[in-house]
Structure formats: C-alpha cells, structure tokens
Amino acid sequence: SHMGTKGRSLNDTLQRLESTVDDGDHYEALQKYKTLYARHQKKTPEAVQILVSGSRALLNRGHTNAGHELAMLLQGILKDEKATSDNVSLLSDVFSSYNDKDESDRLRQAFINAAIRWASSQPDPSYKQGTAQLNLIMAKFCREKGDFVTAQKYYVCANSPQALAQMLLEWVPACKPSERDLLVARAVLQYLASGAKDVQGANTVYNVFTQTSPPPGPPSPLLNFLRFLLIALEKGTTAQPLFQLLCQRYQPSLKRDPEFEIFLSQIAQSFFNMGGAPPGGLPGMGGLGGLGGALSGM
C-alpha cells in the first residue's frame, strides 16, 4: 500500500538521521529533524514519531539542549491530543533519555512540568492516571538523586502516600533525631494541603513513618497535633471548632516551620471552606473571640 512505503521511508530517514548524530554533527542533525518535522507538521502521528525519535537520539548522546528543543516541540503537538497511556509513555521515554548531569536537571524539570500541565488540563477525568504517572516519574528521579525536597512535592501531586512514606524513611538518616517529627509533619501537612482531601492517604504516611521509624522518646507535641488533626479531618465539616482549637493549642509547635501556617490555611480552605485566613495567624489563631478562651481550660 501507498501508506506502507511512506511509513517505511520515514523510518529509513529517521535511521539515517540518527547515524548523522552518531557521526558527531548534532547541529546539522537538529536542523534536519526540524525540517522533516515542518514537512509533516499537519500529520500528528508522523510529527510525533519524528520528534520522539529525534529528541531521544540527541538526548541519549548527551546533546541536551538540542534534544530538549525537539522535546518541547513535541509538547506543542501533544497540546491538542489526549493524555492516553501511549502518549504518556512516549513522554516518559523522552524523560528518561535526559542524561544525569546536573546541568540537564533544569531542562528535564521544564520538560516534565510541561507534560504534567498538559495531562492535568485534560477535561476528561479518565486521564487523571496520566498526571499521576508523570508526577511519579519525576518523584522517583529526584528521590534517586537524593533530592528529597523536590521529590516530596511530586509524590504529593501524584497522590502516592505509600511511596512518599517510604521515601521519608530513606530521608531519616540525614535528619537530626530531634527533627524527625518535622519530616513527617511537613509531608502529612503538604499532602493534606494539596487539595486531594485524601485523609486516608495522609494517615498512611503518618502510620508508616511513626510505626517504622518513630522518633526517640515520647511522641512530641507536633506528632500529637498530627494525630489529632487526622482524627478531626475524618469527622468532616463538623470538626471545624476542633480544628481551630488544635491550631491554637499547638501553636508553639506549629511555629517550628513557617510553611506549616501556609499548609494549614490551605487545609482550612479545602476541608472547612474557611477562606481568607489572615497572613499573620492561622485560621482561628487569635481571630476567634471567646472560643479559644472558653476551651483553653480543657
């Protein structure tokens, strides 16, 4: 068939181009890939094939800037396509072709963030899986590099509590024993603040961590706060006064990390529709009139 020969000749062309990269002239190869892409731009499957092949050929051989240029053109084409598992796995193939040199990290992150934005903008909820997969790819990569702070953000966005908890356990040795509770508190609060409203997942992170690697000594006030917070959030909207009381009662512990206030404001918003917390204090840390006084004798 006519299409068969065309498909074959495109494959042949791509193979020839790949050997141009091997011969060391990656700039010439980049221009040829771009010309070939321009010719097929209107035909999405061919254009995708050209850009995947070209970006991987260049990235795998360490020509990161050139490969990244084609990888970002690929994102442009996929913009109007669905986040099918095939498309997501093409993107993860390209992602894994970036090399491990530190200077590739910024570009790799730009690539995966664009991919995540694309997947998460899909109106059809059946593509949620794609967003999670792309977040997980980046989370695993950062975790392997030992960049736990960045990994945590991506695990949270991937709604992956089990993997997040496992990563925290790897992070423990790098942490002062007295700050171990901060490690789990940051993860649990960030997870709850992400908008997924997944209390069960947050419980998983808390339980795996405190059962496997409990900080020495009796539970700190911060760990007690987390435990009570999770119980309160499971009760639903009726627990708003309890939530506010906890935020007041444990204020000294919550001041150990300035980010906690931001997370708790997001939790207040998402679980209790409490908007507009003043930047200077947690929802109910002061602006509560008599409630705090009435309950502080408890």
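Residues numbered from 1 in each chain as written. Predicted model: local features only at pLDDT ≥ 70, side-chain atom pairs only at ≥ 80, totals over all residues. Heavy atoms only, no water.

Undergrad: Mind showing me how you'd approach helix 10 (residues 180-193) here?
TA: One turn of the α-helix equals 3.6 residues, which is why residues spaced by three or four share an orientation. Here helix 10 spans 20 Å end to end across 14 residues, near enough to the 20 Å set by a 1.5 Å rise per residue. Counting buried positions along helix 10 yields 13 of 14 residues, so the element is predominantly enclosed. Positive phi appears at G195, one or two residues downstream of helix 10, with a value of about 95°. (Helix = DSSP H or I, 4+ residues; strand = E, 2+ residues; numbered from the N terminus. Expected span 1.5 Å × (residues − 1). Buried < 20%, exposed > 50% of the residue type's maximum accessible area, 1.4 Å probe, protein only.)

Undergrad: Could you clarify how one ought to interpret helix 4 (residues 64-78) in this entry?
TA: A rise of 1.5 Å per residue sets the reference length of helix 4, with its 15 residues, at 21 Å; its end C-alpha atoms lie 21 Å apart and thus fit the reference within 8%. Residues of helix 4 that are buried in the fold lie against helix 2 (26-40), helix 3 (44-60), helix 5 (85-95) and helix 6 (102-120). (Contact = heavy atoms within 4.5 Å.)

Undergrad: So what exactly am I meant to see when it comes to the pattern of salt bridges here?
TA: Opposite charge on two side chains makes pairing possible when the charged atoms of those side chains draw close. Applying the stated rule across the entire model yields 11 salt bridges. Ionic pairing is found between R143 and E170, a salt bridge with its closest N-O pair at 2.5 Å. Pair noted here: R143 is in helix 7 (residues 128-145) and E170 is in helix 9 (residues 161-171), with a separation of 27 residues, a long-range link. By relative accessible area, R143 is classed as buried at 18%. Relative accessible area serves as the criterion here: at 41%, E170 is assigned to the partly exposed category. Taken together, the shared-partner salt bridges in this structure form one network comprising D102, D105 and K145. (Salt bridge = Lys/Arg side-chain N within 4 Å of Asp/Glu carboxyl O.)

Undergrad: How do you make sense of the packing of aromatic side chains when you look at a structure like this?
TA: Each aromatic ring pair is summarised here by two numbers: the centre-to-centre distance and the angle between the ring planes. Using the criterion set out here, one finds 6 aromatic pairs in the structure. Seen in terms of ring centroids, F95 and F141 are 5.9 Å apart; in terms of plane orientation they differ by 85°. Their pairing is edge-to-face. With F95 in helix 5 and F141 in helix 7, this pair connects stretches of sequence that are 46 residues apart. The exposure classification of F95 matches that of F141, with both residues buried. Through successive ring pairs, a cluster of aromatic residues spans F225, F228 and Y250. Positioned above the aromatic ring of F141, the side-chain terminus of R108 is 3.8 Å from the ring centre. A cation over an aromatic ring shows up here: K197 above the ring of F271, its NZ or CZ 5.7 Å from the ring centre. (Phe/Tyr/Trp six-rings, centres within 6.5 Å; stacked < 30°, edge-to-face > 60°. Lys NZ or Arg CZ within 6 Å of the ring centre and 35° of its normal.)

Undergrad: Quick question: what am I supposed to make of the layout of surface pockets here?
TA: Picture a little ball the size of a water molecule; that probe, rolled over the atoms, points out where space is still empty. Taken as a whole, the largest pocket spans an internal volume of roughly 180 Å³. Around the largest pocket, the lining residues are F148, V149, Q152, K153, L168, W171, L183, R186, Q190, E259 and F263. The greatest single-element share of the lining of the largest pocket, amounting to 4 residues, is contributed by helix 8 (residues 148-157). Residues that form the lining of the largest pocket fall into these classes: 6 nonpolar, 2 polar and 3 charged. (1 Å grid on protein atoms, 1.4 Å probe; cavity = no way out; pocket = protein on both sides within 12 Å on 5 of 7 lines; lining within 4 Å. Points joined across faces, edges and corners; volume = space filled by probe spheres on them. Nonpolar A, V, L, I, M, F, W, Y, C, P; charged D, E, K, R; others polar.)

Undergrad: Help me understand the packing of helix 8 against helix 10, please; the structure alone is not making it clear to me.
TA: When two helices pack together, their arrangement is given by the angle between the helix axes and the distance between those axes. Axis separation between helix 8 and helix 10 bottoms out at 9 Å; the angle between their running directions is 40°. In this structure, helix 8 meets helix 10 at a crossing whose hand is right-handed. Here Q152, K153 and V156 of helix 8 lie close against helix 10, whose contacting residues are R186, A187, Q190 and Y191. Its residues assigned to classes, the contact of helix 8 with helix 10 comprises 3 nonpolar, 2 polar and 2 charged. (Axes fitted to C-alpha atoms, helices over the stretch in contact; angles between N-to-C directions. Left-handed = near helix turned anticlockwise from the far one by under 90°.)

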